[in-house]
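# Architecture at a glance
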Amino acid sequence: QVHLVESGGGLVQAGGSLRLSCAASGRTFSSYTAGWFRQAPGKEREFVARILSSGLDTYYADSVKGRFTISRDNAKNTAYLQMNNLKPEDTAVYYCAARWIRGTSNEFTYWGQGTQVTVSS
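Just so it is clear, the structure is predicted and the values come from calculations on it, not from any experiment.

Take the environment of alanine 34 next. Its place among the elements puts alanine 34 in strand E4 (residues 32–39). For alanine 34, a relative accessible area of 1% gives the class buried. Separated by 46 residues in sequence, alanine 34 and tyrosine 80 place their C-alpha atoms 9.4 Å apart. Excluding its chain neighbours within four sequence positions, the residues that come into contact with alanine 34 are Phe29, Ala49, Arg50, Ile51, Ile70, Arg72, Ala79, Ala97 and Phe108.

The subject of this paragraph is the pattern of salt bridges. A side chain of one charge can pair with a side chain of the opposite charge when the charged atoms of the two come close. Under the defined criterion, the tally for this structure stands at 3 salt bridges. As a salt-bridge pair, aspartate 90 and arginine 38 come within 2.9 Å of each other at their nearest N and O atoms. Separated by 52 residues along the polypeptide, aspartate 90 in the loop between strand E8 (78–83) and strand E9 (92–100) and arginine 38 in strand E4 bring together distant segments of the chain. Within this structure, Arg38, Glu46, Arg67 and Asp90 form a network of salt bridges that share partners.

Here we come to the packing of aromatic side chains. Per the stated rule, a full pass over the model turns up 5 aromatic pairs. Grouped by ring-pair contacts, the aromatic residues Phe37, Phe47, Tyr59, Phe108 and Trp111 constitute a single cluster. Above the ring of tyrosine 80, the side-chain terminus of arginine 19 is found at 4.0 Å from the ring centroid. The side chain of arginine 99 reaches across the aromatic face of phenylalanine 108, ending 4.6 Å from its centre.

Before going further, it helps to examine the environment of cysteine 96. You can see cysteine 96 is positioned in strand E9. We classify cysteine 96 as buried; its relative accessible area is 0%. When residues no more than four places from it in sequence are discounted, the contact partners of cysteine 96 are Leu4, Glu6, Cys22, Gly35, Trp36, Tyr110, Trp111 and Gly112.

Spatial strand order, E1-E3-E8-E7: 4 strands in an open sheet with antiparallel pairing. Sheet topology places strand E1 (2–7) and strand E7 (68–73) at the edges, where each strand pairs with a single neighbour. Strand after strand, the sheet turns through a mean of 20° between neighbouring axes, direction not considered. As defined by bridge partners, strand E3 (residues 18–26) adjoins E8 across 6 bridges and the pair is classed as antiparallel. Its bridge partner lying in E8, alanine 23 is registered against threonine 78.

Procedures and definitions
- Residues numbered from 1 in each chain as written.
- Predicted model: local features only at pLDDT ≥ 70, side-chain atom pairs only at ≥ 80, totals over all residues.
- Heavy atoms only, no water.
- Helix = DSSP H or I, 4+ residues; strand = E, 2+ residues; numbered from the N terminus.
- Buried < 20%, exposed > 50% of the residue type's maximum accessible area, 1.4 Å probe, protein only.
- Contact = heavy atoms within 4.5 Å.
- Salt bridge = Lys/Arg side-chain N within 4 Å of Asp/Glu carboxyl O.
- Phe/Tyr/Trp six-rings, centres within 6.5 Å; stacked < 30°, edge-to-face > 60°.
- Lys NZ or Arg CZ within 6 Å of the ring centre and 35° of its normal.
- Pairing = 2+ DSSP bridges.
- Axes fitted to C-alpha atoms, helices over the stretch in contact; angles between N-to-C directions.

Right under this line is the structure:
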């Protein structure tokens, strides 16, 4: 079991940057794949990025590739999402998620409470 808490959201102008953090507690975070998702009001939740437990392999949604970078520091039990060149369409609640590396499903099981990111034009 793992508990996740996001932080770092806020209001920025288009073209600006934010760095989101996801602090994990409970079981060792190194046993989990970590991911970031986002959801805008009235919209479906969408995948943003994921990183393997080792931190050696990452994958991004096409909409953020080249602008966002996911990373993790297992010694600190923390995952990050560096967001550069932000656009108004990036405005959403961003959620950190985790999936046990030896689980039987590809779905992310554990979720944080979310942090609001608002990008003004």
